Every structure is written in C-alpha cells, then in structure tokens.
There are 2 protein chains.
Amino acid sequence: MTNYSLLANAIRMLSVDAVEKANSGHPGMPMGMAEIGVVLWKNHLKHNPANPKWINRDRFVLSNGHGSMLIYSLLHLTGYNLGIEDIKQFRQFGSKTPGHPEYGYTDGVETTTGPLGQGLANAVGMALAEKLLAHQFNKPKFNMIDHHTYAFVGDGCLMEGISHEVCSFAGTANLGKLIVFYDDNGISIDGEVKGWFSEDVATRFKAYGWQVIEGIDGHNIEQIDNAINVAKQNATQPTMIMCKTTIGMGSPNKAGKEDCHGSPLGSKEVEIVRKELGWNYEPFSIPSEVYQQFDCREHGCSLESTWNNLFAEYTKQFTDLATDLKRRITHQLPDNWQQIVQDGVSFAIKKHETIATRKASQNALDYYAQFLPELLGGSADLTGSNLTKWKDSITLDPENNFIGNYISYGVREFGMSAMLNGIYLHGGFKPFGGTFLMFSEYARNALRMASLMKIAPIFVYTHDSIGLGEDGPTHQPVEQIATLRMIPNMNVWRPCDTVETYVAWGLALAESSTPSSLIFSRQNLDYIQRDEKSLSEISRGGYILRSNSPDIEILIIATGSEVGLSLLAYETLINNGHKVQLVSMPSTSVFDKQDVEYKRTVIPQNAKFKVAIEAGVSNPWYKYVGMDGLIIGVDTFGESAKASDLFEHFGLTAEKVLQKINTFIRN
Amino acid sequence: MTNYSLLANAIRMLSVDAVEKANSGHPGMPMGMAEIGVVLWKNHLKHNPANPKWINRDRFVLSNGHGSMLIYSLLHLTGYNLGIEDIKQFRQFGSKTPGHPEYGYTDGVETTTGPLGQGLANAVGMALAEKLLAHQFNKPKFNMIDHHTYAFVGDGCLMEGISHEVCSFAGTANLGKLIVFYDDNGISIDGEVKGWFSEDVATRFKAYGWQVIEGIDGHNIEQIDNAINVAKQNATQPTMIMCKTTIGMGSPNKAGKEDCHGSPLGSKEVEIVRKELGWNYEPFSIPSEVYQQFDCREHGCSLESTWNNLFAEYTKQFTDLATDLKRRITHQLPDNWQQIVQDGVSFAIKKHETIATRKASQNALDYYAQFLPELLGGSADLTGSNLTKWKDSITLDPENNFIGNYISYGVREFGMSAMLNGIYLHGGFKPFGGTFLMFSEYARNALRMASLMKIAPIFVYTHDSIGLGEDGPTHQPVEQIATLRMIPNMNVWRPCDTVETYVAWGLALAESSTPSSLIFSRQNLDYIQRDEKSLSEISRGGYILRSNSPDIEILIIATGSEVGLSLLAYETLINNGHKVQLVSMPSTSVFDKQDVEYKRTVIPQNAKFKVAIEAGVSNPWYKYVGMDGLIIGVDTFGESAKASDLFEHFGLTAEKVLQKINTFIRN
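First things first, this report covers the structure right here in the doc. (Residues numbered from 1 in each chain as written. Chains lettered and ligands numbered in written order. Predicted model: local features only at pLDDT ≥ 70, side-chain atom pairs only at ≥ 80, totals over all residues. Heavy atoms only, no water.)

Some remarks on the overall build of chain A
Test applied: The numbering of helices and of strands both runs from the N terminus, where a helix is a DSSP run of H or I of at least 4 residues and a strand a run of E of at least 2. A radius of gyration in this sense is built from C-alpha atoms; the matching globule rule multiplies 2.2 Å by the number of residues raised to 0.38. Any residue under 20% of the maximum accessible area for its type is buried, any over 50% is exposed, and the rest in between are partly exposed; the area is computed with a 1.4 Å probe on protein chains only. Any two residues having at least one pair of non-hydrogen atoms within 4.5 Å are treated as being in contact. Positive charges come from Lys and Arg alone, negative charges from Asp and Glu alone, with His and the N- and C-terminal ends not counted. Every charge is mapped to an atom, namely NZ of Lys, CZ of Arg, CG of Asp or CD of Glu.
Across its full length, chain A holds 28 helices and 20 strands. Against the 2.2 N^0.38 benchmark of 26 Å for 667 residues, chain A shows a C-alpha radius of gyration of 28 Å, consistent with a compact globule. Expressed along its principal axes, the backbone C-alpha trace of chain A runs to roughly 90 × 60 × 45 Å. Relative to its full complement of 667 residues, chain A shows a buried share of 69%. Across chain A, contacts joining residues at least 24 apart in sequence account for 77% of those joining residues at least 6 apart. Considering chain A, the positive charge centre built from 58 side chains and the negative charge centre built from 73 side chains are found 3 Å apart.

Considerations on helix H18 (residues 413-426) of chain A
The test is simple: Here, expected helix span is obtained from the residue count minus one, scaled by 1.5 Å.
Compared with an ideal rise of 1.5 Å per residue, which puts 14 residues at 20 Å, H18 of chain A spans 20 Å between its outermost C-alpha atoms and is within 8% of the ideal. Counting buried residues in H18 of chain A gives 14 out of 14 residues, a clear majority hidden from the surface.

Here we look at the pattern of salt bridges
Residue and element names in this part refer to chain A. For clarity, the cut-off: Any carboxyl oxygen of Asp or Glu within 4 Å of a side-chain nitrogen of Lys or Arg constitutes a salt bridge here.
One pass over the full model with this rule turns up 62 salt bridges over all chains. Its salt-bridge partner being Asp464, residue Arg494 comes within 2.8 Å of it at the nearest N-O pair. Highlighted residues: Arg494 in the loop between strand S13 (491-493) and helix H21 (498-510) and Asp464 in the loop between strand S12 (458-462) and helix H20 (480-485), separated in sequence by 30 residues. Judged by relative accessible area, Arg494 falls into the buried class, the value being 1%. What emerges from the salt-bridge pattern is a single network uniting Asp17, Glu271 and Arg274.

Quick word on the environment of Ser587 of chain B
All names here are of chain B. Mapped onto the fold, Ser587 is located in the loop between strand S18 (580-584) and helix H24 (588-591). The class of Ser587 is buried, set by a relative accessible area of 0%. Along the sequence, Ser587 and Val492 sit 95 residues apart, while their C-alpha atoms lie 5.6 Å from each other. Sequence-distant contacts of Ser587, that is, excluding residues within four places in its chain, are made with Val492, Trp493, Gly541 and Gly542.

Focus on the relation of the copies chain B and chain A
Counted only if it meets this: Least squares is used to superpose the copies, and the fit set is the C-alpha atoms of residues whose pLDDT is at least 70 in both copies.
If you rotate chain B by 180° and push it 0.0 Å along the axis, it lands on chain A with an RMSD of 0.0 Å. Both copies of the chain, as the preceding transformation shows, are related through a two-fold rotation axis. Considering only C-alpha atoms, the residue of chain B closest to the rotation axis is Gly161 of chain B, which sits at 1.8 Å. Comparing contact sets, 99% of the residues at the interface of chain B also lie at the interface in chain A, consistent with an isologous, same-surface contact.

Quick look at the nonpolar core
This is how it is decided: The nonpolar core is taken to be a set of buried Ala, Val, Leu, Ile, Met, Phe, Trp, Tyr and Cys residues, with the residues joined through side-chain atoms within 4.5 Å.
In terms of nonpolar packing, the biggest core is built from 182 residues, with Trp210 of chain A together with Trp210 of chain B touching the most fellow members. Each residue touching Trp210 of chain B, except ones within four places of it in the same chain, is listed here: Cys167, Ala170, Gly171, Leu178, Val180, Phe205, Gln237, Pro238, Thr239 and Met240 of chain B.

Description of the pairing of S18 of chain B
Residue and element names in this part refer to chain B. Here is the rule: Two strands are counted as paired when DSSP detects at least two bridges linking them. When the strands point away from the viewer and the path from the first strand over the helix to the second turns clockwise, the crossover is right-handed.
With five of five residues buried, S18 is to be regarded as a mostly interior element. In S18, alternate side chains face the same way, and those of Val580, Leu582 and Ser584 on one face and Gln581 and Val583 on the other are all buried. By the bridge criterion, four bridges tie strand S16 (residues 543-547) to S18 in an arrangement that is antiparallel. Across the sheet, Ile544 pairs through a bridge with Val583, a residue of S18. In this sheet, S18 lies alongside strand S17 (residues 554-558) in parallel orientation, the contact comprising five bridges. Bridge pairing links Ala558 to Ser584 in S18. Handedness of the S17-helix H23 (residues 561-575)-S18 crossover: right-handed.

A closer look at the sheet that holds strand S7 (residues 239-244) of chain A
Residue and element names in this part refer to chain A. We count it as follows: Here, axes are lines fitted to C-alpha atoms. For helices the fit covers the stretch in contact, and angles between N-to-C directions go from 0 to 180 degrees.
A sheet is described by the order of its strands in space; here five strands give the open sequence S1-S2-S3-S7-S6, paired in parallel fashion. Pairing within the sheet leaves two strands with one partner each, and these edge strands are strand S1 (59-62) and strand S6 (211-217). The average undirected angle you get between the axes of adjacent strands in this sheet is 15°. Relative to strand S2 (residues 149-153), S1 is paired through four bridges, and the arrangement is parallel. Bridge pairing links Val61 to Ala151 in S2.

Focus on the packing of aromatic side chains
The condition is simple: Any Phe, Tyr or Trp ring, taking Trp's six-membered ring, that has another such ring centre within 6.5 Å forms a pair; planes under 30 degrees apart are called stacked, those over 60 apart edge-to-face, and the others tilted. By definition, being over a ring means that NZ of Lys or CZ of Arg is both within 6 Å of the ring centre and within 35 degrees of the ring normal.
Applying the stated criterion across every chain yields a total of 62 aromatic pairs over all chains. Their ring planes at 50° and their centres at 5.8 Å tell us that Phe142 of chain A and Tyr314 of chain A sit as a pair that is tilted. Of this pair, Phe142 of chain A sits in the loop between helix H6 (118-137) and S2 while Tyr314 of chain A sits in helix H13 (residues 297-317), and the two are 172 residues apart along the sequence. Summarising the burial analysis for this pair, Phe142 of chain A and Tyr314 of chain A share the class buried. The rings of Trp41, Phe60, Tyr80, Tyr150, Phe152 and Phe181 of chain A are connected pair by pair, giving a single aromatic cluster. One cation-aromatic arrangement involves Arg328 of chain B over Phe429 of chain B; the distance from NZ or CZ to the ring centre is 5.2 Å. Seen from the ring of Tyr598 of chain B, Arg540 of chain B lies directly overhead, with NZ or CZ sitting 3.8 Å from the centre.

And the structure:
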C-alpha cells in the first residue's frame, strides 16, 4: 500500500532541506503541490525513468518553474538519473539541479521554465504536436503516439497574458489530452492575490471551452486522483483542475504566507517543519520505504517495452511510416538534404526572379515542403502578408477537427512562439511561425528561451524595414534586426534575394541546436548575379559579392534590401576608378562563427574606408567598420508614407548612398 | 433631428475614398463601426474640439488602430482642427493622417495605436488615472475630474495576451468609468475567426468582474445608445459592450469578408458602395447638413466653459489644490527641482552607503516622493525585490476601493508597461513600474511605444546581470541592457552607486518627452568617491571618474556594477606607471547626445588602448572602443550559481579584469 502522505512529506523535506542548504530558492510551492505531484507521478504519469526520451511518454511541464525542487524531488524519488548528491548541489555552479528547471541539464526536464506562463504555452504546443503526430502515424490498433501532456501552473502563470493566448487556442483546437493543474494558493510575491487577481479563473477557462474541475482539495489524495481520471476521460476538451492548496503546507509559522514563496524557511522553522511532519530523518536522508513506494522504474520499463513490442509489429506492417517516425523524432533530416538545398538554389538561380523576399520565402517553402513531412507552419493571423502558407498545406480548422500542417495561431505572437518551442521539444516536427518583424517584440522572451534551450524552431518575420510603407512607425522595424542579433545562439538571416532566401531556409531547417529568425522584405528586391565562389559562401553568413581588386580601398557591407542599392553604388565607384569590395552579410550571427582568416578576407582590416548599409539602427555595425567607418542606417523611428518616399527621406536610395560614400572618402 | 445613417455613411465614404486615394489602408473596420462611432461621439462623448487637451474630457482610444480613418473622420466631422485636405493626405509623408493614429500628429488622438491590445491597455491606464486623480482633487460639489474612458477593440485586441492582463486588472480595480466596445465582426486577417478564436468573450469578461452588455446590433442606433446609457450608470464595474457588426458594411461584394480588412475596395466596388449607400457626392465632398448635424464645437465649448466656471470657484476655495492640479496636468515639476536633486545627491554623498542600487533607488524614491504628490508607483508582483515601494506610499487594495499611489500590478509586465503609458497620457501623474530586468522582454513593445509617443513614464528594472545569482539564466539579463539602448528616444541608466542612482532618478523624473529605463543591481555596490567636476558631469551620461594624465594610454569605460571593479584595476594600473582614464558611463543614450568636444574629452580618440567593461553582450561597445578595443562582457547565457561564483566564472572580478587588460596592452 502506498503511503501517499509519507511520499508527499519526502518531497517537502527534500525541498526544504535543499533550499536551506543552498540558502536560496522557493520552498513554498513544492510544499503546497507535494500531494498533487505524488498522485500524478505515482498513479498516472506514463513515463520510464530509464529512458526519459521515450517518444510516447506523457509530457510533464512545471510552468511555475521556481518550484524546481518539486520536479527534482519527483525525478530523484521515482528513479531517474538524479542522485541525492545532485539534490545537495541545488542551485550550485555546474549542477544538474539549477535554480529553475533547465532543459538539457537534467533527465526528465522537458522544457526550461521560470519566465511565467511560457511553460504552459510549451505544454499547449506539446499537446498540439501529440495530436497532429498521432494523426499522421497512428493506424487502427497501432496508437503509436498516444499520451497526455500535464502542466502545473500558479497564479503568476495565469496572470500573464500568454496564458490567455494559448489557453484560448487550446480550447478552440480541442486539445483533449492537455491536463493543467492550477495551484490555487491565493498568494503571489506581493502577498494575497485578491488585491490584483480576483478574476473567476474557472469561469474564464469555461469561456475558453475547457473542462474545468473545481473545488479540488490539493492535499486530498482521493480528490486529486479522481479529478485526473475525469480529466483523462475527456478526449475533446483540455482540462483545468482547480486545486485549492496551502503554500508552504507543513510549515506551522509560514504556511499560507508569501514569505515562504521565495526564501529559505530558516533553520529554526525547518526543525519545526520536521517535527510537524513527523520526519525523523536527517537532511537528504530518505527512508528506503519511500524509495520503494515511489520507484517507477519497473512500471516504466514495462510500459515502454509494451510500446516497443507494438512498434516492432508496426514496423513490419508500416515500414516506411516507422522509419520516418524514427527519423523525425530524432530531428534527422532526409539523407540527401545537402543535394536538396543545392537543387533548390539552382532552381532559384534559373528563375532569377525579382520578387519580395517574403515571396521568395514562400517559393522556398513550396520547394522544401515536398521533402519534409515534418514541416508544421503557421502565422499569427498574417498568412497572406507573411506568405507562410505553402501549396498543398492543410490549415487546421473546425471542419477537420483541427488536423493539418498549417496553423492559424490568431493574433497571438508570444503564444505562437512559445508553442513553437513546445512543438519542437515534443519532437516529430520542424515548426515555424510568422508575423511582422515588429511583432517579434511581443514574443521576444520566447525567442530567447529557444536560444537558451538550444532548440531549433524557425521564426519568420516579414515587412522588415521602413520599406513596409504606409502603416507607419508602429509597424516599421528600425531596431528589431539589431536586437534579435543580440540574443546568444540565435541565427538571424536577412537575405537580399531569392538565392540567399533558399540558402537561409535550407540552413535554418537543418539546424538542430540553434533557432533561426528569417527576416524578409515586403517589397520586391532585385535578383543578384553571383559567381560560383560567392554562391558557395552564402552559407558562411557574409561573403564577397563583388571585388575589383585584392587591395581594397573601399569596403561596403550591406544586408537584405540594401544589397541591391549597394551594388549600384559599387558599380559607379569602380567606374570612377576606386578599388571596392562589396560584401553581402545576410547573417552576422553565422559570419561571426567563421574562422579568423575567412573573416579577414571578407572584411580586410586595411581597407581604408569601411561602410555598412542597413535600413536599421547603426549600432551593431561599429563592430565591422570601426569607430571611423561610415554607417548608413536609420536611427530614428519611421514615418507613415509610401516606401519609396521613405527610402528617399531616410537617404537609402542608390544615389544618396553614393553621395554619402563620396563625401566620406573625400573627407 | 440627427440623421444617424447619413452621418455613419459620411464616415464610410470618407474612409473608403481616403483609402482608395492612398491606395493603401483598412476600410473594413470604419465601415463596420461607423454607427457606433456616430452614436458615441455625437450623443455621449464629452469633448471640446476647440480644446483637445481639456483635462476633464472623456478619453477615446481606437485600440484597433488600423481603422484610423474612423477616428480621422470623426475628428474632421465633429469640428477638430483636421481639414478635408488633411484627410486627402491620408497615409502620405508628413500628413496629420498617418496610417495608424499617432499621438502628437493629430489633435484629438489620445494615444498611438496599431500594435494590437496596447490601446486597450492605455485605456485601462487612463481610467485608473482618472479614478486616482479624482480621489486626490475632487471635493464635495467639485467633481473637477469626472470623465469616462472609451475604447474600441477588435478581435485582434482580444486575442492578444495583454488584453487579458489589463482587463483582469480593470475588473479587480473596479474601473467603473471604462467602457469598451467590442467590434464583434467574426473576421480577422486570416479569415473567419472561428478557426482560431472561438472563446466565449462575454463569459470571459464576466469572469473578470465586468458588466457585459450582450447582443447589441452594432448598426442599430437605439441599441448602441441604450447600451452606452446602461454602461454609464454602472460606477463600479468596467463595461464591455458586445457589438455584432459586419466588417465593410455597405460594400455589397466585400462586406463580411476578410479582403476588405486591409486593402482598398477598388474603384469599381467604391462606385457600387456609393450607389448602395445612396451617396451622391464626389469623393471628399461632404454635404453641409452632415457637417451641421455632426458639429460638436458649440456643445463642447459649453461643456468646457461650465467646467471652467466650476474650476474658477474651486480655485478660490481650494487654491493650493487648484494650483497643484494645473501644475501636474501640464507635467510641470516643482519650481525648485534642480535644488531638490542637488540636495538629494548631497544627502547620498553624506551617507556614502555601500548598498545595492535597487536599495539606493528605494532611498531615492523615499526622498523624491516628498516633493512629488504625482508619483504613482508600482511593480509587477516584485515589490519586495524591486524595492519600488517608498515609505508612506499607499497600496491600492480592496479595503480602500483601490485608491492610493502604489499599484500591485500582478504578474503582468506588458500590461503594466502599457498602462504606465496610458496613465502618463492621461496626465496628472508621474508613473513608474518595476520588474526584473529580464522581464522587460515581456513588455518590450510598450517601451517602444512610450519612446515613439515621446512620453516619459519610468521603467524600473532590478536584478540587472548574472549578479542575480541562483535563479539562473532564465532570470539573468545578458543582452537586455544592450537591446533597451537600441530603442530610439529611450534613456537607459545603469548607475554604479547611490550617487548616480539619485542623479538618474532626478533626471528621469524631470523628463517630459523621453521615457527612462532605470537599471539597478541586486547585489551591493561600493560607494564611489568623486570630485566636484565628476559629480557635476554624471548628468551627461558618461564622465571621467578618474584620470592620472592628460595624455591617456589606457581608457577604461565601465557601467553599473563593473565601475567598482574597474576602479580597483585602475589603481593597480596607475601604480604600475600607466596613464589611465576611467570613465563611468551610466547612460550611453544621454552621453551620445553631448557635444563632440565633451565626448572627445571623455573618450579621447588617441588613447592607445581602449577597454569597455559591462556584464552584458559586448556588441554595443565597439562604438566606443573600436574594432581594436578590448571588451570585457558576457556573450553567452548565464548559469545558476552564487553571484560570486558567476563573476569569477565569467571573468568579471577585479583580478581577472586586470589580467585581461594587462594581456591586452602587452600584445
């Protein structure tokens, strides 16, 4: 017989002692959600501690990630590769138990959480991925993909706007296998939430079309267990289980108060908690009966082995599908990817179209999608503007029970982006989503989370500059390209024509540990001729597009829409007898990773005059042209007017650029 | 008798013709909301076209700002300073009628809208400002501040997460004078919203504690009028009026379809619309009866003059209050502000404390708040961490009907920031709000909107680097200081000690056309000694803190927590015989605005070795130290560990900095 209280108290004491030892952390949440954790992980969660990557496991997301000791306790006690010594290293440098759960640091942590609301959004993405993957691979009697996604959320998650975006979406998309536990403890950092958060959460979620199970005592084993059973029976609605809990439960003097939220209880109170819980063990000493009762290894192995047997049979009957599923869940590309990209680029060269790069992007998608059944596209309600939908793609909609490979996310940029992270983390898909470049700002922290987690969703941003025109400064990016480049481990591409666009897509799709931001123009851009060498070097992020001498006098670096006009300036300059090198730099992020020798060839240190041209803030370019270089950019907000009027006004025409360069080299 | 249909059709035709002439714009929304606009502006809105800045006017916010021709039509037709020639210049360079309503461009436009959801958040801020200002200034029989705030919102606004944040808050705070019209037309850019937005909006808003008036036909004058009357009678709940409308109403072939959302109807359809509406006038020709019926000038003048008379009496009876109200609504500081700042700085010098700059910030608030009854503070649920609450401030809470001068915004960074913009735009307050620096990312576009609108709310960001410690990389800013600096017209301050903190607050509070981001440390920072000259130059953003020679060999620039360790390095270097200049650069934004001579003195071009030190990404510093300079920064994500371990690991100790500088100057 399982002694649930004992197991819950083991979580409490591990959490309390680890926080105390680190002298830093959040004991209140693990103490408050201990019973919910035990019941879910012990009685319901389908997982195999010996193989945290088993594709058909249930997904578990701790969206209120500050309570990280809850998941570390659960992982340790159920038998994952996380020893008591790891727990003792809570929040220490290089440990497997950092302050917040970090993806890639700890087996069994499905996503990095902490920035509130985003874990919930990841969970919605995972549940959506499960539903779509199941549809693509399951066959009668072979439910190869068939699992739940569970998330724990606190008041903070539900206050954040992103919770609205993704939960509204989840209700519309009938994500019946998503089950969320609301840790309704009435306390956030500023105190009792009634002073700033008095909404009726149950009614709100009913309005989203969710099943809401109300009035669960979060410390009552049977109520929790029953609620989960009810939740699992509903296949068409996501379920919100409203759990009334006491933060810091077990602490006689701090339970129910905000001061146990984010600080150690203090050694005195810890001893009082020990007595209160009747826990007669030293810190980090767990009685063997707890380990025995909590151990999920045997059951987990048995679950996976049943699945493995079924998959073996599935492999016989549906060999191609099985092979493809294996390929996709490990994020492998088709074998001949290099050749596919080369053929695509050749095709773009053959067509040599002068079109907007957003249109070139759609052409690239039409092409690459043929080879990638894992492509899962979408847009935050700008499909016709982003040109993110490719031919033969199927939009999720009510008529087909929201099955397909193209998602209208609605006007929900942050929700979409964090869902892309969740979809990628689930496995089986190459997800991308589009919006205007400006609205990358609404989603900013989700891009950072992708970069931090070393995952590779693709963010598509169109309407990349003042070239957007009449919609005006609220919609005209000026500083956004620069700020995206500042995110560590984010590949930012701003192609100048169809060829660079095909290359950028080819590389972004091939990434497995770096997300990409692909930035495209609204307006038409000239097709650029290149020789074989230039062509082969596009993938290095920056390359010599034109050069009329090994001994350079004027170096010009440009990106995107400014490459075409730089080319015109280049031609005039060489006609006037100058020695000029024109560099196209679609990706500073990728260029920066090249070897020093290559970089020095592309950007020769001894070029007397260095010029950078980009329709955006100038700051990032000092790195490449120095304090004495000329940077032709846009350092103020835009204006509402025709694009051509704006380029004229902001000095970004071939003529004005040439004038500025001539003035620069004369002085 | 007012012919409402005629007036509504005048809006339709003005909108259609202006979009057609510009060959760009969004006709669908103004056509769909024309009747609502007429009824509200003609029958209810308390405004005076002759004085768009009258403090007690009702506020009107077009949150679905793409429908800008609706407000331009209303402003033109009711008698504002916006002529038919201005309408003809819709979306053209330098016009008063840009693509989206832009604050400061057009009389009567209360805020810049377009980025969806933020207008609604501004409106919530305005309604809150009205409530708090009324409480501070109204006296029996003298309701000097007593107006409504109206907002139009579309599906997009309600999908955005920020709508959740601010509407949940508005319900909790009983903002009874906020009245929102939902343009429920079932269409967004991707098509019929039921495929991605099927939530029950009415139920959702009831869950927020709002009064919801359902089932209003948005083309039925009487129903709209009645709904507004009901809304105005409810003093304790914000009201959502659910208006069923047809997008593009009046266009036989495009009404109800997404293709009239964001594109001109086309000349053929325009002619059909003309016939359909029986509109026998040329484009931009409005019959005089329309002007006569719509004209709000006389009524507006009468409204304001009644108020002026009352205010004259109020001024007699409550002279000090009246004077202060006048001062505050024009964003004037107390007369002796310079002296106040100087005294504050002297006080900080006298105490010369080694404390965290977040604590110094709280001390500065304690000090400045005495002189500024308009200070309106708050935090996104991190009050105790941000240290944003000053002594004697009163937190809004249910016990006092949400009256006070300190706001617990809840975990709603974006909502808070856009509300700060709305509060500032309303007038009467100096609003600021705090969160961790990392979560500036959740709010990013609201900061940009403040900068774009040239308004001056203050954003307080604590826990400014890896110095945050154990909470780990999700909470440790690396690229955030750099990206904030990229926003045009944003003053970013990162003070190094108590003195710089007092100066930064003093300047931020004095700004009237530039928002400020004040960035503070979690950890203690040494108090820095300075001479009078250095002291007087802090306000220039960057200044010489130490220099041992007019002929500089090594230049070191540092900010915030890195100034103290640079000072240690400086002392060792000069002891070793080097000629060194140490620059503290709390604000690159402000420093960049100084004259060239000053900048060259602080950063001498001929310094042989230039070094920049900041615990963040290195990119922004090339501008100041060049391609050959040494930048000691953090170009990767942080880790979860003690702050001291992290500074050691990332090479940001005095010893390691000195090593790096020595290596640099030897090579």
